[in-house]
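The primary structure of each chain is shown beneath.
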Amino acid sequence: MTEETKKTHKFEADVSQVLRLVINSLYSNKEIFLRELISNASDALGKLRFRALTEPELVEGGADLAIRIEVDRDAHTLTISDNGIGMSAEELENNLGTVAHSGTQEFLQRLGESKDGDVNLIGQFGVGFYSAYLVADRVEVVTRAAGSKQAHRWSSDGHESFTIEAARRMEQGTDIVLHLKEDQRGFEDEFRIRDLVKRYSDYIEQPVELRVEKTAREGDDKKKELEWERINEASALWRKRPQEIKDEQYSEFYKHLTHDFEPPLARKHFHVEGTQEFVGLLFIPKRPPMDLFMPEGRHGVRLYVKRVFIMDDCEELLPRWLRFVRGLLDSEDLPLNVSREILQDSSIVRTIRKQMVKRSLDMIESLSEEDFKSFWSAYGPVLKEGLHFEPDHKERLAKLMRYESSTQEGLVSLPDYVDRMKENQKAIYYMQGASRQIVEHSPHLEALKKRGFEVLLMTDAVDQWATEGLQEFDGKPLVSVMDSDLQLEDEEKDESAKEREDELDGLVKRVRQVLQDNIAEVRLSSRLTDSPVCLVLPEGGLPPYLERLMRLQNADMPRQKRILEINPDHELIESLRAMNERDAESQDVAEWVEVLYDQALLAEGSPIEQPSRFSRRLTNLLTEAAQRRSSTS
Ligand code: ADP
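The structure displayed is predicted, hence computed values, not measured ones. (Residues numbered from 1 in each chain as written. Predicted model: local features only at pLDDT ≥ 70, side-chain atom pairs only at ≥ 80, totals over all residues. Heavy atoms only, no water.)

Re the overall build of the protein
Okay, so step 1: When helices and strands are counted, the protein shows 19 helices and 23 strands.
Okay, so step 2: Oriented by its inertia axes, the alpha-carbon framework of the protein measures out at about 120 × 55 × 40 Å.
Okay, so step 3: Within the protein, the fraction of its 633 residues that count as buried is 52%.
Okay, so step 4: At a minimum sequence separation of 6, the contacts of the protein that also span at least 24 residues come to 71%.
Okay, so step 5: A total accessible area of about 31200 Å² is found for the protein, and carbon and sulfur atoms account for 46% of it.
Okay, so step 6: Each charge class in the protein can be summarised by its mean position, and for the 88 positive and 120 negative side chains these summaries are 2 Å apart. (Helix = DSSP H or I, 4+ residues; strand = E, 2+ residues; numbered from the N terminus. Buried < 20%, exposed > 50% of the residue type's maximum accessible area, 1.4 Å probe, protein only. Contact = heavy atoms within 4.5 Å. Areas by Shrake-Rupley, 256 points an atom, 1.4 Å probe, with all protein chains shown as cover. Lys, Arg positive; Asp, Glu negative; His and termini not counted. Charge placed at Lys NZ, Arg CZ, Asp CG, Glu CD.)

As structure tokens, this is what we get:
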């Protein structure tokens, strides 16, 4: 780009929408713009410091890396500068004209839902820069990428478009020049700026300096001089001892790190010394990030080596089932030029990761009952994944699990369940399904209810997988009430049961023949009391709602055939037996068996294949029954 050319670019539609909302926001807490811009500057310095490890020539002018704030009361501008990594023209266009992260739509929606447009959310959604328009009606960005001689100026009033042109800048880095709105000139006040920086950015690693007027004495003369004064603590918070750090300091640091606007739900600050030395500072956000359940969702903590920022979202340091944990780790032992490849194959990292898991669990276990509740509703399903992946901590994790219960209000834990177990109860029983309402009235629970056994009602898709990992708790096996070999007590089949089996043999064969396309097997049940039939899982089978979920993703998945169980003591079964005995070809028996099958599906909350056929048959049956009743009355 030559010096003369000035190009106009249109904002991407998403950006325009964000800007419109920001510009028109009635939100009173406009000061957050400073936190966002200082945070961006701090990141830019971190990135440069890291690159300068191998390319020291990138840092020009010999100046220390710092963030500088300057007020011009005549021009009514506030400028936030850094001598960090800077941006090329192309980066300017992409970073400040489009949105890199998905999630803008979600941001806009949440903004719409919140009272008076709580733009505080802005940083979390990766659009923090635009908060500048809370206080400015024009923003200019003058920036020069480290390693390049050419600087560029980006400029926009935040409406439709922005311009980019060539510019000059003494060294690498970025100036964000805010032309303050008339009613926002309060931000020209030095004390206000000091106060905000102290509050929001005290413990970021780099100094924040303010241009101030100092009066110097020269003999009898007083002379006014401008100089830079450091206005933040500028020492890495995590290097201090926990006793020396106040709650608010942790909170503000957390907000700086995560762009969250609320304080965290919990934190854990630890130092490990010995064969290895590292410091960790971990947080759990109050609200889950929107990408918590997206496969490409970001996770991991920020990695520092000897206080040098190395990378964000370092996944190697935390397992995926702890992907809600935020924070940082600062190692004394990793090499500064550490790469992803080194991280993946490093015994140092393995040690750190172990500690991170342990400390994260400490942090979760130390939550108050109230906080644990909100923790669980936000992250429960994610933590359950740990049962599958973390055999070493299975016991600890199991104690943190919570489930709905067939006999209790609210959520219950496994230790509480075990305390309530009946004397003759051999296992921890559970049933899986899409929701509590569907699951709790399922026929599969009948025999357990009769015995007073509690059943855990599992309604997360991950439960299947998690219980497979868990298998047992406190020496008691976990058993699904849908399992084909569910045995509630050691029962010997007595003579009369065997007789009944023989009597029903003909009907069982008939049912098998009628339903052969749908089911794998038919047999008598000991788990039913009120219902005539139910469907159970063959060994290793999937709960039906999960099968449906998986089929949504893969339509070719073969259909699983289940086992139909018949209640030998049910009146209807007895009547069907008699009908079948009289006429082994009876069409009625065939039809009614199909109705029973559909009914079994409905009772467990599964859809039926041909609802119209089912409803026609039910209407026929009702018509017949009604006719009979009206003719006898
Ligand atoms: P986020 O910082 O969450 O990515 P922002 O809207 O705040 O979102 O910033 C967008 C991008 O612009 C940043 O990711 C960064 O690449 C770039 N950027 C912003 N400020 C600076 C700066 N002071 N120096 C260098 N790059 C910057």
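Here's the deal with the site of the ligand
Okay, so step 1: Asn40, Asp82, Asn95, Gly126 and Phe129 are the nearest of the twelve residues found near the ligand.
Okay, so step 2: Between the ligand and Phe129, the relevant distance is 2.9 Å, taken from an oxygen atom to a main-chain nitrogen or oxygen of the residue.
Okay, so step 3: Between the ligand and the protein, one listed contact pairs a nitrogen atom with a side-chain N or O atom of Thr174 at 3.4 Å.
Okay, so step 4: When the ligand sits alone it has 530 Å² of accessible area, and the protein chains cover 83% of it.
Okay, so step 5: When grouped by side-chain class, the residues that make up the shell around the ligand number five nonpolar, six polar and one charged. (Near = heavy atom within 4 Å. Polar contact = N/O pair within 3.5 Å; in protein donor to acceptor, adjacent residues only side chain to side chain. Nonpolar A, V, L, I, M, F, W, Y, C, P; charged D, E, K, R; others polar.)

Examining the domain arrangement of the protein
Okay, so step 1: Under the domain assignment used here, the protein contains domain 1 (3–230), domain 2 (237–365), domain 3 (382–480) and domain 4 (495–537 + 561–632).
Okay, so step 2: Each side of the interface is counted separately: domain 1 has 26 residues, and domain 2 has 23 residues.
Okay, so step 3: Between domain 1 and domain 2 lies a buried interface of about 2300 Å² when both sides are counted; carbon and sulfur atoms form 56% of it.
Okay, so step 4: Applying the counting rule to domain 1 against domain 2 returns one salt bridge.
Okay, so step 5: Note that Arg302 is salt-bridged to Asp43, the shortest N-O span being 3.3 Å.
Okay, so step 6: Here domain 1 and domain 2 share three residue pairs in polar contact (both at pLDDT 80 or more) between them.
Okay, so step 7: Those elements giving two or more residues to the side of domain 1 that touches domain 2 turn out to be helix 2 (32–52), helix 4 (104–113) and helix 5 (190–201).
Okay, so step 8: Top element by residues in the side of domain 1 that touches domain 2 is helix 2. It accounts for nine residues.
Okay, so step 9: Among the residues making up the side of domain 1 that touches domain 2, the classes are represented as seven nonpolar, nine polar and ten charged. (Domains from an automatic or database assignment. Buried area = accessible area lost by both parts, 1.4 Å probe. Salt bridge = Lys/Arg side-chain N within 4 Å of Asp/Glu carboxyl O.)

Brief notes about the pattern of salt bridges
Okay, so step 1: A complete count under the given rule lists 47 salt bridges for this structure.
Okay, so step 2: Here Glu233 ties to Lys240 by a salt bridge, and the two come within 3.5 Å at their closest N and O atoms.
Okay, so step 3: Here Glu233 falls in the partly exposed class, since its relative accessible area comes to 28%.
Okay, so step 4: Notably, a salt bridge pairs Arg562 with Glu604, separated by 2.5 Å at the nearest N-O pair. Taken together, the residues Arg562 in strand 23 (residues 562–566) and Glu604 in the loop between helix 18 (587–603) and helix 19 (611–632) connect sequence positions 42 residues apart. Glu604 matches Arg562 in its accessibility class, with the two residues each being buried.

Overview of the sheet that holds strand 20 (residues 476–480)
Okay, so step 1: Taken in spatial order, the six strands make up an open sheet running 16-15-18-17-20-19, and their pairing is mixed. The sheet is open, and its two borders are formed by strand 16 (411–412) and strand 19 (472–473), each paired with just one other strand. (Pairing = 2+ DSSP bridges.)

Some remarks on the side chain of Glu60
Okay, so step 1: Relative to the helices and strands, Glu60 is located in the loop between helix 2 and strand 2 (67–72).
Okay, so step 2: Aside from chain neighbours lying at most four places away, what touches Glu60 is Arg144, Ser148, Lys149, Met170, Glu171 and Gln172.

Observations concerning the nonpolar core
Okay, so step 1: Among the nonpolar cores identified, the biggest contains 75 residues, and Leu303, Phe324, Ile364, Phe375, Leu383 and Tyr429 are the most heavily contacted of them.
Okay, so step 2: Broken down by element, this core gets its largest block of residues, eight residues, from helix 9 (residues 369–389).
Okay, so step 3: Taken domain by domain, the makeup of this core includes at least three residues from each of domain 2 (237–365) and domain 3 (382–480).
Okay, so step 4: Beyond its immediate sequence surroundings of up to four residues, Leu383 is in contact with Trp321, Leu322, Phe324, Ile364, Phe375, Trp376, Leu397, Leu400 and Met401.
Okay, so step 5: In terms of nonpolar packing, the next biggest core, distinct from the first, is built from 62 residues, Val15, Val99, Val141 and Ile176 among them. (Core = buried A, V, L, I, M, F, W, Y, C linked by side-chain atoms within 4.5 Å.)

Quick word on the packing of aromatic side chains
Okay, so step 1: Under the definition given, this model contains 17 aromatic pairs.
Okay, so step 2: A ring pair is formed by Phe389 and Trp465, whose centres lie 5.3 Å apart and whose planes are at 85°; its orientation type is edge-to-face. Pair noted here: Phe389 is in helix 9 and Trp465 is in helix 14 (residues 463–470), with a separation of 76 residues, a long-range link.
Okay, so step 3: Overall, Trp465 belongs to the partly exposed group, its relative accessible area being 34%.
Okay, so step 4: Taken together, the aromatic side chains of Phe11, Phe129, Tyr130, Trp154 and Phe162 make up a single cluster linked through ring pairs.
Okay, so step 5: Over the ring of Phe187 we find Arg192; its NZ or CZ atom is 4.0 Å from the centre of that ring. (Phe/Tyr/Trp six-rings, centres within 6.5 Å; stacked < 30°, edge-to-face > 60°. Lys NZ or Arg CZ within 6 Å of the ring centre and 35° of its normal.)

Points about the packing of helix 18 against helix 19
Any two packed helices are characterised by how steeply their axes cross, that is the angle between the axes, and by the distance between the axes.
Okay, so step 1: Contact geometry for helix 18 and helix 19: axes closest at 10 Å, N-to-C directions at 120°. When the interaxial angle is binned, helix 18 and helix 19 end up oblique. Considering how the two elements wind past one another, helix 18 and helix 19 form a crossing that is left-handed. Here helix 18 contributes Glu591, Trp592, Glu594, Val595, Asp598, Gln599 and Leu602 to the contact with helix 19, which in turn contributes Arg613, Phe614, Arg617 and Leu621.
Okay, so step 2: Grouping the amino acids of the contact of helix 18 with helix 19 by side-chain chemistry returns five nonpolar, one polar and five charged. (Axes fitted to C-alpha atoms, helices over the stretch in contact; angles between N-to-C directions. Parallel < 35°, antiparallel > 145°, perpendicular 65-115°, else oblique. Left-handed = near helix turned anticlockwise from the far one by under 90°.)

What about the packing of helix 9 against helix 14?
Okay, so step 1: At a minimum axis distance of 7 Å, the contact between helix 9 and helix 14 shows a crossing angle of 40°. If you check the angle between helix 9 and helix 14, you find them oblique. For the pair helix 9 and helix 14, the sense of crossing is left-handed. Mapping the contact onto sequence places Lys384, Glu385, Leu387, His388 and Phe389 in helix 9 and Asp463, Trp465, Ala466, Gly469 and Leu470 in helix 14.
Okay, so step 2: Partitioned by chemical class, the residues of the contact of helix 9 with helix 14 number five nonpolar, two polar and three charged.

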